[in-house]
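Geometric and topological summary
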Amino acid sequence: MASKAPQAYEVNANELTGTPEQEAYMRDIIDQFTIDTKYLEQVRDRFMLEMQKGLDKEGATIAMIPSFVEGRLTGKEEGNFLALDLGGTNLRVVLVTLEGQGKYKTVSSKSRVSEELKTGPMRNLCDYIAECVDTFLTEQGLENQEIELNLGYTFSFPVLQTKINRGVLSTWTKGFACTGAVGKDPVLLLQDALLRKHVPVKVSALVNDTVGTLLSNAYNKPNTLAGLILGTGANGAYIEKMNKINKWKGGKTTSDEMIINMEFGAFDNERQILPLTRFDNKLDRESINPHAQLYEKMISGMYLGEITRNVLTDMIDRELLLKRDENTSFAWSKEISRHWSFETAFMSNIEADNSADFSYTKEILDTNLSLHDITTTEAKFIKKICELVGKRAARLAACSIAAIVQHTGATQAGCDIGIDGSLYEFYPSFENRMYEALSELLPEVSDIRKTIRLGLAKDGSGVGAALTACVAARMEKVQATA
Ligand code: ADP
Ligand code: MG
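A brief structural summary. The shown structure was predicted, so the numbers you read here are calculated from the model rather than taken from an experiment.

With respect to the packing of helix H12 (residues 359-369) against helix H13 (residues 376-408)
Running from amino to carboxyl end, H12 crosses H13 at an angle of 85°, the nearest separation of the two axes being 9 Å. Classified by the interaxial angle, the pair formed by H12 and H13 is roughly perpendicular. Contacts from Thr 361, Lys 362 and Leu 365 in H12 reach Thr 376, Ala 379, Ile 382 and Lys 383 in H13. Grouping the amino acids of the contact of H12 with H13 by side-chain chemistry returns three nonpolar, two polar and two charged.

Shown next as structure tokens:
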């Protein structure tokens, strides 16, 4: 399934008429946010270099973490599994029934993780998760079962894995900052909380959401090479040959291939190549993890709205936007002056606006940010800025795919790439813009959509986690008989 997001309606540069100051400002902004093919190539080349560094040694910027998920799926995997997804915005508990032949059924429940839990003690967060699992099992009539259910725990933060169900959290990302978690094993912390509540569940696999996405895509698309997340954060995983993982010290494996969790959100933290603007720098400086996850901050859902807001407030400060009499301007700028008040979802809605006088854009700004009586000129500028930020994100994100495809030599034969995350799913033309960038980066490919097949792998963290728990069981069997 391709992304079902609507089309983006772009604003032509020659439509951007205003005062000479406004026009000059917009020209400069367009210049700063536009990335041409040559620049994309440089980003891609740097990305490939950094991938290699990560495969060669520990501690590289792109961490290239071996996932301990060995070998490929057969599509015949079967059974009942639980999956838990701590992804960023929501916590999900899923009961997955793998039926073989690439088919499955799921039932799930979703709850929000409060800011308090995200930044409080880790024990509270784990207790909360255990409670959600407990409630879910009760709802499904599974609370009293004899045999423990195996659970795949999708924990989407940088974890250095030591086994398929063991690892150590290296750092928090995406607005999480629980105390007592960095340097600890998230599996053990969760298992303890489950034991405290007598919940009959065994955490049998620790899964990064990218790895889960890759596996869920691979369950019915055997040529899957990589899984990507374009949601709150951004990251990717792909299948690598064991003999290319030069830093591997884990001894003999059950297969000659392993999935690598790249942790590519940290790409170019050294600021060698990414086309950072002052708006990106402002966002980075004001984030809870300055100087970290720089690539992620340019391409993922948590940040795009805030970058856009930074441009808009800059224009307001220069009196190029919302200039009215003093009282009105002050009242107006209240909401948009607040950190994170401009959501990435607003950009999606604005980009989809195809009305003649930008009435839909005006309405979105009015309803969500109390910006009344926006002029058509202003709406046009704002829409253009959303487009620039959104398009830059899609083009930069495509560099990672081109790098993976070229690194693995899959350009000719082609491959499937599973992608999960609200940005990819809902942002207008995000996929289209990625394909455009990919065809610029891979000019030798004649039909990019048929060769590098991007697709929504919607239930990566559910089905993928279940499949990982299944692979864990398979590996255990092979090891036991070896
Ligand atoms: P997670 O990454 O936590 O698993 P999602 O994939 O749903 O969750 O991504 C959530 C992120 O997607 C949020 O940061 C939000 O800004 C962004 N988002 C949500 N809805 C939309 C939308 N309609 N268009 C673009 N971005 C969206
Ligand atoms: Mg997710």
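Points about the site of ligand 1
Around ligand 1, a shell composed of 15 residues is seen, among which Thr 89, Thr 232, Gly 301, Ser 348 and Ser 422 lie nearest. The separation between an oxygen atom of ligand 1 and a polar main-chain atom of Gly 301 is 3.1 Å. For ligand 1, whose unbound accessible area comes to 570 Å², protein coverage reaches 74%. Of all elements in the fold, only helix H9 (301-317), helix H11 (344-351) and helix H14 (422-426) reach the threshold of two or more residues within the shell around ligand 1. Among the residues forming the shell around ligand 1, the class breakdown is five nonpolar, 10 polar and no charged.

Here's the deal with unusual backbone geometry
A positive phi angle, close to 60°, is found at Phe 358, a residue other than glycine. Secondary-structure assignment places Phe 358 in the loop between H11 and H12. A residue is classified by how much of its surface remains accessible, and Phe 358, at 8% relative accessible area, is buried. If you check the backbone angles, Ser 370 has positive phi at about 50° while not being a glycine. Positionally, Ser 370 belongs in the loop between H12 and H13.

Observations concerning the pattern of salt bridges
A complete count under the given rule lists 26 salt bridges for this structure. Linking Arg 44 and Asp 45 is a salt bridge whose minimum nitrogen-to-oxygen distance equals 2.7 Å. Among the residues examined, Arg 44 registers a relative accessible area of 7% and is labelled buried. When its relative accessible area of 41% is taken as the criterion, Asp 45 is described as partly exposed. Among the ionic contacts, a cluster of salt bridges with common partners joins Glu 10, Glu 351, Lys 391 and Arg 433.

Things to note about the packing of aromatic side chains
All chains considered together, the criterion is met by 17 aromatic pairs. Each ring, one from Phe 33 and one from Phe 279, has its centre 6.1 Å from the other, and the planes form 25°; the classification is stacked. Here the residue Phe 33 occupies a position in helix H1 (residues 20-33), and Phe 279 occupies one in helix H7 (residues 278-286), the gap between them amounting to 246 residues. Residue Phe 33 shares its accessibility class with Phe 279, and that shared class is buried.

Remarks on the sheet that holds strand S9 (residues 224-230)
Ordered by their spatial adjacency, six strands build an open sheet running S1-S11-S10-S9-S12-S13, and the pairing between neighbours is mixed. Only two strands of the sheet have a single partner each, and these edge strands are strand S1 (65-70) and strand S13 (452-456). The average angle at which neighbouring strand axes cross in this sheet is 25°, direction not considered. Two strands pair when backbone bridges link them, and strand S10 (residues 234-241) and strand S11 (residues 257-261) are joined in this way by five bridges, in the antiparallel orientation. In the sheet register, Ala 237 faces S11, and the bridge partner there is Asn 261. Contacting S9, strand S12 (415-420) and S13, helix H15 (residues 430-441) runs over the sheet at an angle of about 165° to S13.

Notes on H13
An α-helical segment advances 3.6 residues per turn. Residues three or four places apart therefore align on the same side. In a regular helix each residue adds 1.5 Å, so 33 residues correspond to 48 Å; H13 covers 48 Å between its end C-alpha atoms and thus fits that length. In terms of burial, H13 is largely enclosed, as 28 of its 33 residues are buried. Positive phi appears at Gly 409, one or two residues downstream of H13, with a value of about 70°.

What about the environment of Asp 284?
Assignment of secondary structure puts Asp 284 in helix H7. Expressed as a C-alpha distance, the spacing of Asp 284 and Met 298, which sit 14 residues apart in the sequence, is 9.8 Å. With residues up to four places along the chain from it excluded, the contact list for Asp 284 reads Arg 271, Asn 289, Pro 290, His 291, Ala 292, Leu 294 and Lys 297. A distance of 3.1 Å separates the side chain of Asp 284 from the side chain of Arg 271, its partner in a polar contact.

Here's the deal with the state of the cysteines
Scanning the entire structure with this criterion turns up zero disulfides. Sulfur of Cys 415: no disulfide; nearest cysteine sulfur belongs to Cys 399 and is 16 Å away.

Section: the environment of Glu 115
Positionally, Glu 115 belongs in helix H3 (residues 115-119). Placed 358 residues apart in sequence, Glu 115 and Ala 473 show a C-alpha to C-alpha distance of 35 Å.

Some points on the sheet that holds strand S8 (residues 201-207)
Taken together, five strands build an open sheet; the order of strands is S4-S3-S2-S5-S8 and the sheet is mixed. On the outer flanks of this sheet lie strand S4 (103-112) and S8, each paired with one strand and no other. The average undirected angle you get between the axes of adjacent strands in this sheet is 25°. For strand S5 (residues 149-155) and S8, the ladder comprises six bridges, and the chain directions are parallel. Residue pairing in the sheet places Tyr 153 in a bridge with Leu 206 of S8. Set on the sheet, helix H4 (residues 122-139) makes contact with strand S2 (78-86), strand S3 (90-100), S4, S5 and S8; between it and S3 the angle comes to about 45°.

So, the packing of H13 against H15
Where H13 contacts H15, the two axes come as close as 8 Å, and the packing angle between them is 50°. The pairing of H13 with H15 is recorded here as oblique in orientation. Where H13 crosses over H15, the two elements pack in a sense that is right-handed. Taken together, the residues of H15 that come into contact with H13 (itself represented by Glu 387, Gly 390, Lys 391, Ala 393, Ala 394, Arg 395, Ala 397, Ala 398, Cys 399, Ile 401, Ala 402 and Gln 406) are Phe 430, Arg 433, Met 434, Ala 437, Leu 438, Glu 440 and Leu 441. Among the residues forming the contact of H13 with H15, the class breakdown is 12 nonpolar, two polar and five charged.

Thresholds, definitions, all that
All residue numbers refer to positions counted from 1 along the written sequence of the respective chain. Whichever chain is written first is A, and whichever ligand is written first is 1; the rest continue in order. Totals for whole chains, interfaces and linings use every residue, but because this is a predicted model, local features are given only for residues with pLDDT of at least 70 and side-chain atom pairs only at 80 or more, for both listing and counting. The basis for every side-chain value is the complete set of heavy atoms in the structure, and neither hydrogens nor water enter the calculation. The axes are straight lines fitted to the C-alpha atoms, using for helices just the contacting stretch, and the angles between their N-to-C directions are given from 0 to 180°. Runs of E in the DSSP output that reach at least two residues are strands. Runs of H or I that reach at least four are helices, and both are numbered from the N terminus. Just so you know how the angles are binned, under 35 degrees is roughly parallel, over 145 roughly antiparallel, 65 to 115 roughly perpendicular, and the rest oblique. Contact between two residues is taken to exist if any of their heavy atoms lie within 4.5 Å; hydrogens are not considered. Note that Gly is not counted as nonpolar here; it falls among the polar residues with everything else outside the nonpolar set of Ala, Val, Leu, Ile, Met, Phe, Trp, Tyr, Cys and Pro and the charged set of Asp, Glu, Lys and Arg. The near set for a molecule or strand comprises every residue that places at least one heavy atom within 4 Å of it. Polar contacts, as used here, are pairs of N or O atoms within 3.5 Å; protein pairs need one atom able to donate a hydrogen and one able to accept it. Residues neighboring in sequence count only if both atoms are side-chain atoms. Note on areas: Shrake-Rupley, 1.4 Å probe, and residue coverage restricted to the protein chains presented here. Exposure categories follow from relative accessible area, calculated using a 1.4 Å probe and restricted to protein chains: below 20% of the type maximum is buried, above 50% is exposed, and the middle band is partly exposed. Whenever Lys or Arg places a side-chain nitrogen within 4 Å of a carboxyl oxygen from Asp or Glu, that contact is recorded as a salt bridge. Stacked, tilted and edge-to-face are the three classes assigned to paired rings of Phe, Tyr and Trp, where Trp is represented by its six-membered ring and a pair needs centres within 6.5 Å; plane angles under 30 degrees give stacked, over 60 edge-to-face, the rest tilted. Pairing between strands is defined by DSSP: at least two bridges between them are needed. To estimate how far a helix should reach, multiply one less than its number of residues by 1.5 Å. Two cysteine sulfur atoms form a disulfide, by the criterion used here, when they sit within 2.5 Å. Crossings are assigned a handedness: left-handed for a near helix turned anticlockwise from the far helix by less than a right angle, right-handed for a clockwise turn.

Coordinates in, geometry out; function isn't part of it.
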